[in-house]
Amino acid sequence: MARPDDEEGTAMASGHPPANGYLPVPGDAPAGKVSAETQNGPTAGCLALNGVSRDSPKATASGTPDGPKTPLAPEEETQARLLPKDPGEETPGGEGTLVPRIALSPRRFVVLLIFSAYSLVNAFQWIQYSIISNVFEGFYNVSSLHIDWLSMVYMLAYVPLIFPATWLLDTRGLRLTALLGSGLNCLGAWIKCGSVQQHLFWVTMLGQCLCSVAQVFILGLPSHIASVWFGPKEVSTACATAVLGNQLGTAVGFLLPPVLVPNTQNNTQLLARNISTMFYGTSAVATLLFILTVIAFKEKPQYPPSQAQAVLQDSPPGEYSYVKSIRNLFKNIPFVLLLISYGIMTGAFYSVSTLLNQMILTHYEGEEVNAGRIGLTLVVAGMVGSILCGLWLDYTKTYKHTTLTVYILSFVGMVIFTFTLNLGHIIIVFVTGGLLGFFMTGYLPLGFEFAVEITYPESEGTSSGLLNAAAQIFGILFTLAQGKLTSAYGPRMGNVFLCVWMFGGIILTALIKSDLKRHNINKGITNGDIKAVPVDSPTDQESKTVLMSKQSESAI
């Protein structure tokens, strides 16, 4: 018999016979209960939520209005809002109605491609100043700290704006959030076009600030797009692909600026023309992508792509509380541990990316172009790591083991990069930078997907937004601290500082309890006490899921 997630592309319509090996549930059956009568006869027991039959004394005591009410644990509060409020309350759906049709929309690839493309342009604008920081210092006649702030403003803007941005995503939807991200990115790019004069540094900072606000509406979307548009077998790969767009933008940001804007400070007019070419080219691409977003970006597919999404879409919208969702996330200890460890890893990546030019030029003077190429190597290797990690997660669902392994290997890569940077052979820096990027950048989608699993059914945008907020906070702190250490004691001391923090992140990751809630829902398991009911053979070792009615589906 096929696995339940093999049915994700098939239609389930009322009046059609269910697929072989699945049981329809009568509409008058109690919510949360599935009869095993077909397999073992009329005397067979029933499955209920949390492994307790509603006919049992325990269920009666807690389920009647007069009985004592047991307060829910924090991690159970979000599950409770998917249940009917009253014992006699019925959920939508007539007798014998099957679960809503689950199907995959071909448009999902268009949505993913458009998002990845405008995320790429936003990431390019983040790093385009830092990788040629010495050029912009000379052109605008400002200090290196001013140029560093053109990068750090992305991190600074994210922290206070993430809460209204995730509220907007949860209450107004995916399309409006995408339009704001793409539109502000386009507007910021055009403002920069008017800053190509030596006394207009404040104009380029204004444009960068708008791009940084656009980033707030971009970074939290990968896991949300993956969950809303993609099926269980491809959700992790889709999230990795969405994150890959941002990484590719960083890679292009390392590669193109040193080529488009070479160090010609002795010819200010030529330098201004080169900067203008880069700014106008960016604006043209951003404008095209904004138009495509308006035309092709949709809120959600016609049918949910997975059982987990079907459950969420059937829950009453009035029950959702953004503040309560935030509170539940911070009560979730595994998520808090992941929040800190993700912030450390990603903040370290932001710091290394921002200061890479300064680190390389300290030991390899005049190598601005190779500094950009090393950054490109770092990010491209990370893109390969992201895709491989996403494919691995879709295949194995070993979220914690994979996350911890990649974290440890990132730490090892950082140590190697730190102690080989000053050997005098730049080819070694290419190799160690690629090794560091493969694991450090490959970690990013792992954190997103692991967070969605351990916080389901909380909004993917909220959990991802909080992870990114932690990354921005650590990124600002690490960039400032590592910049000071690099200026005072050299690049090695700054990198050792990051190694110490990353080692602490390994310990925190090892302490995370892995509870794959979304995966269990997709497999038809509400908790560890519930098993699927095999229909064709009691000895069949393969996991099978009972096809439930809308009533039972809402109860889950």
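How each quantity is defined
- Residues numbered from 1 in each chain as written.
- Predicted model: local features only at pLDDT ≥ 70, side-chain atom pairs only at ≥ 80, totals over all residues.
- Heavy atoms only, no water.
- Core = buried A, V, L, I, M, F, W, Y, C linked by side-chain atoms within 4.5 Å.
- Buried < 20%, exposed > 50% of the residue type's maximum accessible area, 1.4 Å probe, protein only.
- Domains from an automatic or database assignment.
- Contact = heavy atoms within 4.5 Å.
- Axes fitted to C-alpha atoms, helices over the stretch in contact; angles between N-to-C directions.
- Helix = DSSP H or I, 4+ residues; strand = E, 2+ residues; numbered from the N terminus.
- Left-handed = near helix turned anticlockwise from the far one by under 90°.
- Nonpolar A, V, L, I, M, F, W, Y, C, P; charged D, E, K, R; others polar.
- Expected span 1.5 Å × (residues − 1).
- Phe/Tyr/Trp six-rings, centres within 6.5 Å; stacked < 30°, edge-to-face > 60°.
- Patch = residues over 30% accessible without salt bridge, like charges linked within 9 Å, V, L, I, M, F, W, Y side chains within 5 Å.
- Areas by Shrake-Rupley, 256 points an atom, 1.4 Å probe, with all protein chains shown as cover.
- Salt bridge = Lys/Arg side-chain N within 4 Å of Asp/Glu carboxyl O.
- pLDDT = per-residue confidence, 0-100.

### Looking at the nonpolar core
Inference 1: Phe136 and Phe279 are the most contacted members of the largest nonpolar core, which totals 123 residues.
Inference 2: Residue assignment places this core across two domains, with domain 1 (107–307) and domain 2 (321–518) each supplying three or more.
Inference 3: Among all residues touching Phe136, those that are not within four sequence positions of it are Gln128, Tyr129, Asn141, Val142, Ile147, Ile275, Met278 and Phe279.

### A look at the packing of helix H4 (residues 107–127) against helix H10 (residues 235–260)
Inference 1: The contact between H4 and H10 brings their axes to 7 Å, and the two run at 35 degrees. The handedness of the crossing between H4 and H10 comes out as right-handed.
Inference 2: In the contact of H4 with H10, the residues fall into 14 nonpolar, eight polar and no charged.

### Remarks on helix H15 (residues 368–396)
Inference 1: Taking 1.5 Å of rise per residue, 29 residues should cover 42 Å, and H15 covers 42 Å from first to last C-alpha, within 8% of that figure.
Inference 2: Positive phi shows up at Lys397, right after H15, with a value of about 60 degrees.

### With respect to the packing of aromatic side chains
Inference 1: All chains considered together, the criterion is met by 18 aromatic pairs.
Inference 2: With a centroid separation of 6.1 Å and an interplanar angle of 10 degrees, the aromatic rings of Phe136 and Tyr140 are classed as stacked. One end of the pair, Phe136, and the other, Tyr140, are both in helix H5 (residues 133–140), four residues apart, so they sit about a helical turn from each other.
Inference 3: Since its relative accessible area comes to 0%, Phe136 is described here as buried.
Inference 4: Seen in terms of ring centroids, Phe478 and Trp501 are 5.5 Å apart; in terms of plane orientation they differ by 55 degrees. Their pairing is tilted. In this pair, Phe478 sits in helix H19 (residues 460–489) while Trp501 sits in helix H20 (residues 491–510), placing the two residues 23 residues apart along the sequence.

### Looking at a nonpolar patch on the surface
Inference 1: Nonpolar side chains collect at one region of the surface, where Val380, Val384, Leu388 and Leu391 lie side by side and expose about 320 Å² of accessible area between them.
Inference 2: Along the chain, Val384 falls in helix H15.

### A few points about the confidence of the model for the protein
Inference 1: Per-residue pLDDT for the protein has a mean of 74; in total, 72% of the residues score no lower than 70.
Inference 2: Looking over the protein, one finds the lowest element-wise mean pLDDT in strand E2 (residues 46–47), namely 38, and the highest in helix H7 (residues 174–193), namely 93.
Inference 3: Ignoring residues within four places in sequence, the model shows residues 1–97, a span with pLDDT below 50, making 166 contacts including any to other chains.
Inference 4: A low-confidence stretch, residues 528–556 (pLDDT under 50), is modelled with 92 contacts involving residues beyond four sequence positions or located in other chains.

### A look at the environment of Leu421
Inference 1: By the element assignment, Leu421 lies in the loop between helix H16 (399–420) and helix H17 (426–440).
Inference 2: Linking Leu421 and Arg492, residues 71 residues apart in sequence, is a C-alpha distance of 7.9 Å.

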